[in-house]
Amino acid sequence: MQLMRRVGVYGLIRDSGRVLVVRDGVEGEFPGLWRLPGGAVGHAEDPERAVVREVAEQVGLTVTASRLFAVVADVATSVEDRVSLHTDRLLFELSPPHGALSDAPRPQAAQPQDAQPQGAQPEAGAGLVDQSRWLSPAEAAEVPLTPFTAEALGVPVTPLPPGTHRPPRPAAPPHPDRRLRFGAYGLVTDPAGRILLTQIAQGYPGAGLWHLPGGGTDHGEQPATGLLRELVEEGGQVGRVVELLGVNNLHNPAAYGPEGRPLDWHGVRVIYRVLVDVPTDATVTESAGGSTARAGWFTRAEAVDLPLSDIAAVAIGQSGR
């Protein structure tokens, strides 16, 4: 079984108490199911730009990303293709320009008779997306939704029948020198306001810089779960996630690391605020040869004077506003 990774971005657009959704066609990832508009992030593409692009392509609206409000992960397996695809889904609240919704042609409005009976499978049309609609909360509860969409809209999540969620077939084989890395990182503090930082080990991009605790998530792992695992491995701390802060995009077309040759790296990194209620001495507990050389607790004044990675500098700078 080939393990594959993908990052998807989706937009929540509200208007007069309704939300805009699209239905996947027969070539889509969830044929016949309704979901928030969006799709896959391209190589080196910033997630916020990707969701704006996908919404424009699917429903013809020009939007801006207001904030990242949720990040979830799921896995779809195709026995036929011998592929297990892990998708990290970033959900953004989107804002159209003033008056854009009232001026734009409306997608077809949902009617009560459009709702499918419980357990019934809707018939999907051709293409990746075959319909778009504005749904009220009551209407959204009556149509078949993808799990991540139902969770975002606050309606009951219905398990999908087998075979409903299928990995999209790639248009071309993955490029041998390109890498996508999805990671979860934490602005980790203790009750005294100290910040936990980790130093990148030699042999890894950014060696010697002080970094936010965290790293790449495992196949099938939820982002917040992966971050708390990394926090134990890299700093010896037990924390709790208290807030989703945002997403950071990194493209390095010639990153030189343990592989021994330059690779075209694209990193999508979500950042959480994490609190360690009972801090202990910072200790790296992961196995020798890992990417973390050491860890330490610092006051904010001490932290800003350290050589920081880009993501650490951004997170610590924003925390002081």
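See above for the structure.
Keep in mind it's a predicted model, so treat the numbers as computed, not measured.

K.L.:
Explanation requested: helix α1 (residues 47-59) in the structure shown.
P.N.:
At 3.6 residues per turn, the α-helix brings residues three or four places apart onto the same side. Between its terminal C-alpha atoms α1 stretches 18 Å, which fits the 18 Å expected from 13 residues at 1.5 Å a residue. If you check which residues of α1 are buried, you get P47, A50, V51, E54, V55 and V59. Down the axis of α1, the buried set is contained in an arc of 130°. They therefore lie on one face. With respect to the buried face of α1, the exposed residues turned more than 90 degrees away are R49 and E57. The opening residue of α1, the one whose side-chain oxygen lies 2.9 Å from the backbone nitrogen of E48, is D46. Just downstream of α1 lies G60, where phi reads positive at about 75°.

K.L.:
Is there a simple way to explain the pattern of salt bridges in this structure?
P.N.:
Pairs can form between side chains of opposite charge once their charged atoms are near each other. Counted by the stated rule, this structure contains 20 salt bridges. Here E29 and R6 are joined by a salt bridge, their closest N and O atoms 2.7 Å apart. On the criterion of sequence distance, the pair formed by E29 in the loop between β3 (18-24) and β4 (34-35) and R6 in strand β1 (residues 2-12) is long-range, its members being 23 residues apart. When sorted by exposure, E29 lands in the same class as R6, which is buried. The shortest N-O distance in the salt bridge between D310 and R269 comes to 2.9 Å. Of this pair, D310 sits in helix α7 (residues 310-319) while R269 sits in strand β14 (residues 262-275), and the two are 41 residues apart along the sequence. A relative accessible area of 38% places D310 in the partly exposed class. Three or more residues joined by partner-sharing salt bridges are found here, namely D218, E221, R229, E230 and E233.

Conventions and cut-offs
- Residues numbered from 1 in each chain as written.
- Predicted model: local features only at pLDDT ≥ 70, side-chain atom pairs only at ≥ 80, totals over all residues.
- Heavy atoms only, no water.
- Helix = DSSP H or I, 4+ residues; strand = E, 2+ residues; numbered from the N terminus.
- Expected span 1.5 Å × (residues − 1).
- Buried < 20%, exposed > 50% of the residue type's maximum accessible area, 1.4 Å probe, protein only.
- Arc of directions from axis to C-beta.
- Polar contact = N/O pair within 3.5 Å; in protein donor to acceptor, adjacent residues only side chain to side chain.
- Salt bridge = Lys/Arg side-chain N within 4 Å of Asp/Glu carboxyl O.

By themselves, these figures tell us nothing about what the structure is for.
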